[in-house]
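# Chains, contacts and geometry: an overview
Chain residues, written in single-letter form:
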Amino acid sequence: MKRVYLDNAATTPLDPAVIAEMTNVMQNYFGNPSAIHALGREVRTLVEKARKNVAGLLNASPSEIFFTSGGTEADNTAIRCGIAAYGIKHAITSKIEHHAVEHTLNMMLKDGQIDKLSFVNVDQKGNVDYEHLEELLKSNDRSFVSLMHANNELGTLTNMEKVGDICEKYDAIYHADTVQTMGHYVHDVRKLKAHFLVCAAHKLHGPKGVGFLFVNSNIKIPPMIYGGAQERNMRGGTENVYGIVGLAKALEIAYNEMQAHQTHIQGLKDYLKEQLIAEIPGIAFNGETEAGKSLYTVLNVSFPEMDMADMLLFNLDINGICASGGSACSSGSNIGSHVLNGIHADPNRPSVRFSFSKYTTKEELDYLMEKVKMVVKQNALA
């Protein structure tokens, strides 16, 4: 059966050049980077070269880059350690953040590590209300702000420069969850005014199980994981050398080819949107879809009501379409997507997130449309 992979916001296939880079290290460099002998030193050199390369792409200092096991660990470290380091008792986020942020802050509130958790308003497309953010900062003591650059389900973009300016005005600490956008947009940390940025390599054709946390040099935080002196005493545990090398290579490729990939993928997204509007009566979209307002790799589609709506993803899957999705909750027994609930999406309409990569082709989208039309017709309400 033909398989069309349209779930790149969940994970991306490894770039062959990344595989080659990692394989070379696996085959030829096995020393522990903490060892002081020659085999250890040569592996330490690989780790530090990767750190320097990542830092250079972000216009950061190598001392501001800390390798982690991925985006969730990076988010947790930024939030938990950033709040603890400065004794902050008030945090601000939104109700459509990734669970790595939402669950962490709710846990800290429950455990008394913060006294108050505020949620900035978002509109029905997932756009942050910047005036409300300023009101929340103005009416509270020094705050910790955690907002994602692009929503992982909707694709709606938040203006990081604007958030950074507002946070600077009120001396707030700003954590930008950039997991979905790292490697897809240029992030110049000297211009963004963010204290923390995060990365998960597998979102940009790198390996799973590795990422990094950028910590602005103007703040200092304690470790979250204690143990050895790795990552300059900031994260105990032997480094994932193969993963780190793969991450740096994937980010290098992403930056070098970014403009071409943006043009290619945006074109595919626009094409699919046009085809859906033309072929599926009553089709709609969750979140922003316009270029400049939406992450170009994500299109969240709100399908019309249909029989067996909860089987839509399964029916696409058995027809060779790999995507993800959900629906807003319609009852207490069905939790649904907290993001779609957060924007008050119609609970009777099934939603599917199609997400694209540099490997996605127009021919694959034509195949998708063929199967979508078939499934929608088969399940149309009588």
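Calculation notes
Residues numbered from 1 in each chain as written. Predicted model: local features only at pLDDT ≥ 70, side-chain atom pairs only at ≥ 80, totals over all residues. Heavy atoms only, no water. Core = buried A, V, L, I, M, F, W, Y, C linked by side-chain atoms within 4.5 Å. Buried < 20%, exposed > 50% of the residue type's maximum accessible area, 1.4 Å probe, protein only. Helix = DSSP H or I, 4+ residues; strand = E, 2+ residues; numbered from the N terminus. Domains from an automatic or database assignment. Expected span 1.5 Å × (residues − 1). Contact = heavy atoms within 4.5 Å. Arc of directions from axis to C-beta. Polar contact = N/O pair within 3.5 Å; in protein donor to acceptor, adjacent residues only side chain to side chain. Pairing = 2+ DSSP bridges. Axes fitted to C-alpha atoms, helices over the stretch in contact; angles between N-to-C directions. Buried area = accessible area lost by both parts, 1.4 Å probe. Nonpolar A, V, L, I, M, F, W, Y, C, P; charged D, E, K, R; others polar. Phe/Tyr/Trp six-rings, centres within 6.5 Å; stacked < 30°, edge-to-face > 60°. Lys NZ or Arg CZ within 6 Å of the ring centre and 35° of its normal.

## Here's the deal with the nonpolar core
Soluble globular proteins: nonpolar side chains tend toward being buried together. By size, the foremost hydrophobic cluster in this structure holds 57 residues, and its most contacted members are F67, L133, V145, L197 and F212. Here this core takes 10 residues from helix α9 (residues 241–256), the largest share from any one element. Mapping this core onto the domain boundaries places at least three of its residues in each of domain 1 (4–12 + 258–378) and domain 2 (16–253). The next biggest cluster of nonpolar side chains, apart from the first, holds 35 residues, and it includes I280, Y296, F303 and V376.

## A closer look at helix α13 (residues 362–378)
Turn by turn, an α-helix covers 3.6 residues, leaving residues three or four places apart pointing in a common direction. In this model α13 runs 24 Å from its N-terminal to its C-terminal C-alpha over 17 residues, within 8% of the 24 Å that 1.5 Å per residue would give. Those residues of α13 that sit buried are E364, L365, Y367, L368, M369, K371, V372, V375 and V376. On its buried side, α13 packs onto β1 (4–5), α10 (258–279), α11 (312–318), β11 (321–322) and β13 (351–355).

## A few points about helix α1 (residues 16–28)
Taking 1.5 Å per residue as the helical rise, α1 with its 13 residues ought to reach 18 Å, and the 18 Å between its terminal C-alpha atoms agrees with that figure. Among the residues of α1, V18, M22 and V25 are the ones counted as buried. Mapping the buried residues of α1 onto a view down its axis gives an arc of 60°, with all of them on the same face. Facing away from the buried side of α1, by more than 90 degrees, are the exposed residues P16 and Q27. Buried residues belonging to α1 abut α2 (38–58) and α9. Looking at where α1 begins, the residue whose side-chain oxygen comes 2.8 Å from the main-chain nitrogen of A17 is D15.

## Remarks on the environment of D177
Tracing the backbone through its elements, the reader meets D177 in strand β6 (residues 173–177). Taking C-alpha positions, D177 is 10.0 Å from L213, a pair spaced 36 residues apart along the chain. In this structure, D177 is in contact with D75, H98, V101, L147, M148, H149 and V198, ignoring residues within four places of it in sequence. Of the polar contacts made by the side chain of D177, one reaches the backbone nitrogen of V179; its length is 3.2 Å.

## Quick word on the sheet that holds strand β4 (residues 116–119)
Backbone hydrogen bonds are what pair the strands of a sheet, in a parallel or an antiparallel way. Taking strand neighbours across the sheet as the criterion, the seven strands line up as β2-β8-β7-β6-β5-β3-β4 in an open arrangement whose pairing is mixed. Since the sheet does not close on itself, it has two edges, and those belong to β2 (65–68) and β4, each with one partner. Here the average twist between neighbouring strands, direction ignored, is 20°. Both strand β3 (residues 90–93) and strand β5 (residues 143–148) contribute to a ladder of three bridges, which runs parallel.

## What about unusual backbone geometry?
Of note in the backbone geometry, K193 takes a positive phi value of approximately 65° without being a glycine. Summarising the element assignment, K193 is placed in the loop between α7 (189–192) and β7 (196–200). Even without being glycine, N233 reaches a positive phi, approximately 65°.

## Focus: the domain arrangement of the chain
Along its sequence, the chain is organised into domain 1 (4–12 + 258–378) and domain 2 (16–253). Taken residue by residue, the interface counts 27 residues in domain 1 and 33 residues in domain 2. Among the residues domain 1 hides against domain 2, the three largest losses belong to T12, L295 and H338. Together they make up 23% of the total. If you look at where domain 1 meets domain 2, you find 18 residue pairs in polar contact (both at pLDDT 80 or more). If you list the elements that add at least two residues to the side of domain 1 that touches domain 2, you get α10, β10 (298–302) and α12 (338–342). The dominant element in the side of domain 1 that touches domain 2, judged by the number of residues it contributes, is α12, at four residues. Of the residues assigned to the side of domain 1 that touches domain 2, the class counts are 10 nonpolar, 13 polar and four charged.

## Digging into the packing of aromatic side chains
One pass over the structure, following the stated rule, counts two aromatic pairs. Geometrically, the ring pair formed by F144 and F196 is tilted, given 6.2 Å between the ring centres and 35° between the ring planes. Residue F144 is located in strand β5, and its partner F196 is located in strand β7; the two are separated by 52 residues in the primary sequence. When sorted by exposure, F144 lands in the same class as F196, which is buried. Seen from their ring centres, Y185 and Y296 are 5.5 Å apart, and the 70° between their planes marks the pair as edge-to-face. Taken as a pair, Y185 in the loop between β6 and α7 and Y296 in the loop between β9 (284–286) and β10 lie far apart in primary sequence, 111 residues in all. On the basis of relative accessibility, which here comes to 18%, the residue Y185 falls in the buried class. Above the plane of the ring of Y367 lies K2, whose end atom (NZ or CZ) is 5.5 Å from the centre. Between R142 and the ring centre of Y86, over which it is positioned, the NZ or CZ distance is 5.2 Å.

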